[in-house]
Amino acid sequence: MLVLNLRCGHHHGFEGWFASAADFESQLQRGLISCPICADIHISRMPSAPHLNVSHLRGGPAVPITPQASTAPAGVAKPELPGHVNARMHDHLLSAVAAVLANTEDVGDRFVEEARRIHYGETEAHGIRGQASATEVAELVEEGIAVMPLLLPAALKGPIQ
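Residues numbered from 1 in each chain as written. Predicted model: local features only at pLDDT ≥ 70, side-chain atom pairs only at ≥ 80, totals over all residues. Heavy atoms only, no water.

Asker: Help me understand the overall build of the protein, please; the structure alone is not making it clear to me.
Answerer: Secondary structure summary: the protein contains five helices and seven strands in total. Listing the helices and strands of the protein from first to last along the sequence gives β-β-α-β-β-α-β-α-β-α-β-α. With 161 residues in all, the protein has 17% of them scored as buried. A separation of at least 24 residues holds for 41% of the contacts in the protein among residues at least 6 apart in sequence. On the protein, roughly 11,600 Å² of surface is accessible, and the fraction owed to carbon and sulfur atoms is 59%. (Helix = DSSP H or I, 4+ residues; strand = E, 2+ residues; numbered from the N terminus. Buried < 20%, exposed > 50% of the residue type's maximum accessible area, 1.4 Å probe, protein only. Contact = heavy atoms within 4.5 Å. Areas by Shrake-Rupley, 256 points an atom, 1.4 Å probe, with all protein chains shown as cover.)

Right under this line is the structure:
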């Protein structure tokens, strides 16, 4: 099994598991690999930390060599790369979206009707999500109904793994 660090054209990082390097290349050429966040098929392979079995050289267990290992002297802060900031922001965004999806009911195209029913006390208040046009959203806001647009990547509209 070959585990690769991959990145789409929008810089979303993710992991892919393949039977071999040839399997990865074949799937990539056929456009079968897509970003789980934005569904982009422009995928590139990122550097991976190798696992070197050198236990016979020093008498200890094999250890992975990771790019995060700091070589800075004690007390010296290791500079953070901009990619780490983006990855952290990406993780926070996904966590927030997952929380919204987990704590709201998808009412689909009945969103406007359900929002009004909740606002006017015709049904119990609970979190909902769904689709509404810009005109419908403007009408809801004029009625004093709080709504918030949430643009979901196509990959997140199904089950989250």
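Asker: Where do I start with the sheet that holds strand β1 (residues 2-8) in this structure?
Answerer: Strand pairs in the sheet, formed through backbone hydrogen bonds, run parallel or antiparallel to each other. Here we have three strands laid out as an open sheet, ordered β2-β1-β3, and antiparallel in their pairing. Each edge of the open sheet is held by one strand with a lone partner, namely β2 (13-18) and β3 (43-45). Each neighbouring strand pair of the sheet contributes to a mean axis angle of 40 degrees, computed without reference to strand direction. Across six bridges, the pairing between β1 and β2 is antiparallel. (Pairing = 2+ DSSP bridges. Axes fitted to C-alpha atoms, helices over the stretch in contact; angles between N-to-C directions.)

Asker: Whenever I open this one, the pairing of β1 confuses me. Can you help?
Answerer: For a regular strand, side-chain orientation follows a simple rule: the groups alternate between the two sheet faces. As consecutive antiparallel partners, β1 and β2 are separated by four residues, and within that stretch H11 has a phi angle of approximately 70 degrees, a positive value. Two strands pair when backbone bridges link them, and β1 and β3 are joined in this way by three bridges, in the antiparallel orientation. Its bridge partner being in β3, C8 is matched across the sheet by I43.

Asker: What's the story with the packing of aromatic side chains in this structure? I'm lost.
Answerer: Within a pair of aromatic rings, the relevant descriptors are the distance that separates the centres and the angle that separates the planes. Summed over the entire model, instances satisfying the criterion amount to one aromatic pair. Taking 5.1 Å as the distance between ring centres and 70 degrees as the angle between the ring planes, the aromatic pair formed by F18 and F24 counts as edge-to-face. (Phe/Tyr/Trp six-rings, centres within 6.5 Å; stacked < 30°, edge-to-face > 60°.)

Asker: Can you help me understand the side chain of H12 in this one?
Answerer: Relative to the elements of secondary structure, H12 occurs in the loop between β1 and β2. For H12, a relative accessible area of 16% corresponds to the buried category.

Asker: Help me out: how do you make sense of the nonpolar core in this one?
Answerer: As a rule of thumb, soluble globular proteins bury nonpolar side chains together. In terms of nonpolar packing, the biggest core is built from 10 residues, these being L4, L6, C8, F14, F18, F24, I33, C35, I37 and I43. Elements with a contribution of two residues or more to this core: β1 and β2. In terms of residue count, β1 provides more of this core than any other element does, three residues in total. Beyond its immediate stretch of four places on either side in the chain, F14 contacts L4, N5, L6, R7, C8, I33, S34, C35, P36 and I43. Ranked by size, the runner-up nonpolar core spans eight residues in total, among them V112, A115, I118 and I128. (Core = buried A, V, L, I, M, F, W, Y, C linked by side-chain atoms within 4.5 Å.)

Asker: Is there a simple way to think about a nonpolar patch on the surface in this case?
Answerer: Together, M1, V3 and W17 make up a nonpolar patch on the protein surface, roughly 380 Å² of accessible area in all. Relative to the assigned elements, W17 resides in strand β2. (Patch = residues over 30% accessible without salt bridge, like charges linked within 9 Å, V, L, I, M, F, W, Y side chains within 5 Å. Salt bridge = Lys/Arg side-chain N within 4 Å of Asp/Glu carboxyl O.)

Asker: Is there a simple way to think about helix α4 (residues 111-119) in this case?
Answerer: An α-helical segment advances 3.6 residues per turn. Residues three or four places apart therefore align on the same side. Along α4, the positions that sit buried rather than exposed are F111, V112, E114, A115 and I118. The buried residues of α4 occupy one face: seen down the axis, they fall within an arc of 165 degrees. Here the buried face of α4 lies against β6 (105-108), β7 (128-130) and α5 (134-142). Where α4 ends, the next residue or the one after it, G121, has phi of about 75 degrees, a positive value. (Arc of directions from axis to C-beta.)

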